[in-house]
Amino acid sequence: MDPNAMEQIGHACEKWGAFQLKNHGIPLSVIEDVEVESKHLFSLPAEKKLKALRSSGGATGDTMQNYQNQMKVLAEKLTHMILNFMGMNSEEEKKWVGSKNQFEAIQLNYYPCCPEPDRAMGLAPHTDTSFLTILHQTQTNGLQIFQKCLGWVPINPDPNTLVVNIGDILHILSNARFHCALHRAIVNNTNERYSVAYFYGPQADYVISPLVLNSDVPCFRALTVKDYLSIKAKNFKGALSLITTT
Ligand SMILES: O=C(O)CCC(=O)C(=O)O
Ligand SMILES: [Fe+2]
């Protein structure tokens, strides 16, 4: 691990709300297996797709479980570095990092070729509700992250690189010091595209309360993950502004 990794990651969280990760320690074969499984799954007719998802040896079987296990180890390493960078003490960190109290989910995304890409959107602009998201994208371009000064910035895929997005929960916990990356996926008329998102964060009953250092004032009120999820379900883009204290 690069000795400057924590600082670099911390600064990327402050400036971008996202970063790209090389030398992450996840074997390429584990990522390739998930890609193959995902492509196979999306190629099935609808009723077979459902059956595969429900069966123990299907898409939720060993390949996905292995991927999820590896992602969890990586997510915990990243979380430890990020919380350290933020100045959180180890007692507070122990409340959920390294314990069984995490929420995890894998989402497989498929974007078919689109004959009129200017008139369609693969995935509309959003921030992830997670603490952080680790994203693997296949060879086709499409992911874009919004940056105030630059507009929509393409994050093109590289086989050895994972993309990490800061989600709303870390944005709240950092007292808005870290951005949560507004991102979207665009489509094109020549290549289909796949991506695999791993969402990671504390469980529903965890109370997210902004980490306030020195004489700073909390920008958000404290609330449980569950309460935040329900506010976001109803208000989507307006959710963060509904819990601000100012
Ligand atoms: O497909 C992508 O590159 C983005 C996926 C994404 O943002 C998500 O699943 O939340
Ligand atoms: Fe996302």
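Up top is the structure these notes are about.
Residues numbered from 1 in each chain as written. Chains lettered and ligands numbered in written order. Predicted model: local features only at pLDDT ≥ 70, side-chain atom pairs only at ≥ 80, totals over all residues. Heavy atoms only, no water.

Put simply, the ideal angle at a metal is 109.5 degrees for four donors in tetrahedral geometry and 90 or 180 degrees for six donors in octahedral geometry. All of the protein donors around the iron ion (ligand 2) are H126 (NE2), D128 (OD) and H183 (NE2); their distances to the metal are 2.1 to 2.2 Å. Along the chain, the residues donating to the iron ion (ligand 2) fall in the pattern H-x1-D-x54-H. Remark: H183 occurs in strand β8 (residues 183-185) and H126 occurs in strand β3 (residues 123-126); sequence separation between them is 57 residues. Relative accessible area serves as the criterion here: at 5%, H183 is assigned to the buried category. (Donors = N, O, S within 2.8 Å, 3.2 Å for Na, K, Ca; no water. Helix = DSSP H or I, 4+ residues; strand = E, 2+ residues; numbered from the N terminus. Buried < 20%, exposed > 50% of the residue type's maximum accessible area, 1.4 Å probe, protein only.)

Moving on: the layout of surface pockets. It is a probe the size of a water molecule, rolled over the atoms, that shows where empty space is left. Reported here for the largest pocket is a volume of approximately 500 Å³. The wall of the largest pocket is formed by 22 residues, among which T127, H179, C180, A181 and L182 lie closest to the centre. The element best represented in the lining of the largest pocket is helix α8 (residues 239-242), accounting for three residues. Of the pockets and cavities examined, the second largest pocket occupies roughly 330 Å³. If you trace the second largest pocket, you find 17 residues lining it, with M1, A5, I9, L21 and K22 closest to the centre. When residues of the lining of the second largest pocket are traced back to their parent elements, those giving at least two are α1 (5-15), β1 (18-21) and α4 (62-86). Taken together, the residues of the lining of the second largest pocket break down into nine nonpolar, five polar and three charged. (1 Å grid on protein atoms, 1.4 Å probe; cavity = no way out; pocket = protein on both sides within 12 Å on 5 of 7 lines; lining within 4 Å. Points joined across faces, edges and corners; volume = space filled by probe spheres on them. Nonpolar A, V, L, I, M, F, W, Y, C, P; charged D, E, K, R; others polar.)

Turning our eyes to something else, we now look at the packing of α1 against α4. It is the contact of α1 with α4, at a shortest axis distance of 9 Å, that shows an interaxial angle of 75°. Classed by the angle they form, the pair α1 and α4 counts as roughly perpendicular. In contact with A5, M6, E7, I9, G10, H11, C13 and E14 of α1, α4 contributes L78, M81, I82, N84 and F85. Its residues assigned to classes, the contact of α1 with α4 comprises eight nonpolar, three polar and two charged. (Axes fitted to C-alpha atoms, helices over the stretch in contact; angles between N-to-C directions. Parallel < 35°, antiparallel > 145°, perpendicular 65-115°, else oblique. Contact = heavy atoms within 4.5 Å.)

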